[in-house]
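What follows is the residue order along each chain.
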Amino acid sequence: MKPIKIVHLYPERMSIYGDYGNIIALRQRMDWRGIKNSVENIEVGSKIPVDADLIFIGGGQDKGQVIVSEDLALKAEPIKQFVESGGALLAVCGGYQLLGEYFISNDYGQLKGIGLFNVVSKATNDRMIGNIVVQSDRFGRLIGFENHSGSTEYIGPAQPLGRVLKGFGNNPTDKLEGIIYKNAIGTYLHGSFLPKNPKVCDWLIAKAIAKSGQSIKLKPLSDSLEKRARSSSIGRP
Ligand code: GLN
């Protein structure tokens, strides 16, 4: 079995509000199933490995996004080709913003995105902070934590990740959250996102396995702890 390769983009600059927990959840849910896996950290100046099966980019402060935006421009084509060829990808908050067309920061002006997602984002003066609950047609109820100034809107055909039941999501008005494009997900849900939403984690793992050219069935996991964490989180104000 070829190990499933996770590429973690900019872990030093883009991993806030527990986002590293997404890497832990992906690896643990593969380990529990005996699926070999590895992680390669890619920082500024490094190339996207050609044998990537899953790419993850977390959230970050505006300041960190300035440098990442410049470097992402050099990685734009390989990332887009990776997703167009069925690669699994998760982008959280600041990472989600920079995989869209642009993010306009209050302090640093317009930061160019790579144009993978049909979204644009603009910082507002009121941060959107708190626990968030989203209803997704594909994944059911999603829970997390959000903390962003960026207000995001769709600028073309887009499949939202879900409808906001509690919290803000993309912006304070349209009650939509995130985006799904092929096997790539953009979301504002920190928390960490995947440990509390195992369905999404397993969906990404299955897509990564398919991308690796292997056919491995994912045996079900009990998820008793995850279910307890979800029920206690959903009740939070
Ligand atoms: N700096 C961006 C914003 O404030 C992203 C924040 C984040 O990644 N949590 O919207």
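Use the structure listed above.
1. Some thoughts on helix H6 (residues 224–234)
Part 1: For H6, every residue scored as buried is listed here: Glu226, Arg230 and Ser233. Here the buried residues of H6 occupy an arc of 70° about the axis, which is enough to place them on one side. Turned more than 90 degrees away from the buried face of H6, the exposed residues are Leu225, Lys227 and Arg228.
Part 2: Buried residues along H6 sit in contact with helix H1 (20–31), strand S8 (140–154), helix H4 (193–196) and helix H5 (198–211).

2. Some remarks on the environment of glycine 60
Part 1: Its location among the elements puts glycine 60 in the loop between strand S3 (54–57) and helix H2 (62–84).
Part 2: Sequence spacing of glycine 60 and glycine 95 is 35 residues, and the spatial spacing of their C-alpha atoms is 7.3 Å.

3. Digging into the site of the ligand
Part 1: Near the ligand, the surroundings consist of 16 residues, among which Gly60, Asp62, Gln65, Cys93 and Gly150 are the closest.
Part 2: Between a nitrogen atom of the ligand and a side-chain N or O atom of glutamine 65, the distance comes to 2.8 Å.
Part 3: Between the ligand and the protein, one listed contact pairs an oxygen atom with a backbone N or O atom of glycine 94 at 3.0 Å.
Part 4: Contact with the protein chains removes 99% of the 300 Å² of surface that the ligand exposes when unbound.
Part 5: Its atoms largely coinciding with the cavity grid, the ligand occupies the largest cavity.
Part 6: The leading source of residues in the shell around the ligand is S8, at 4 residues.
Part 7: Its residues placed into classes, the shell around the ligand shows 3 nonpolar, 11 polar and 2 charged.

The rules behind these values
- Residues numbered from 1 in each chain as written.
- Predicted model: local features only at pLDDT ≥ 70, side-chain atom pairs only at ≥ 80, totals over all residues.
- Heavy atoms only, no water.
- Buried < 20%, exposed > 50% of the residue type's maximum accessible area, 1.4 Å probe, protein only.
- Helix = DSSP H or I, 4+ residues; strand = E, 2+ residues; numbered from the N terminus.
- Arc of directions from axis to C-beta.
- Contact = heavy atoms within 4.5 Å.
- Near = heavy atom within 4 Å.
- Polar contact = N/O pair within 3.5 Å; in protein donor to acceptor, adjacent residues only side chain to side chain.
- Areas by Shrake-Rupley, 256 points an atom, 1.4 Å probe, with all protein chains shown as cover.
- 1 Å grid on protein atoms, 1.4 Å probe; cavity = no way out; pocket = protein on both sides within 12 Å on 5 of 7 lines; lining within 4 Å.
- Sits in = over half its atoms within 2 Å of the grid points.
- Nonpolar A, V, L, I, M, F, W, Y, C, P; charged D, E, K, R; others polar.

Coordinates in, geometry out; function isn't part of it.
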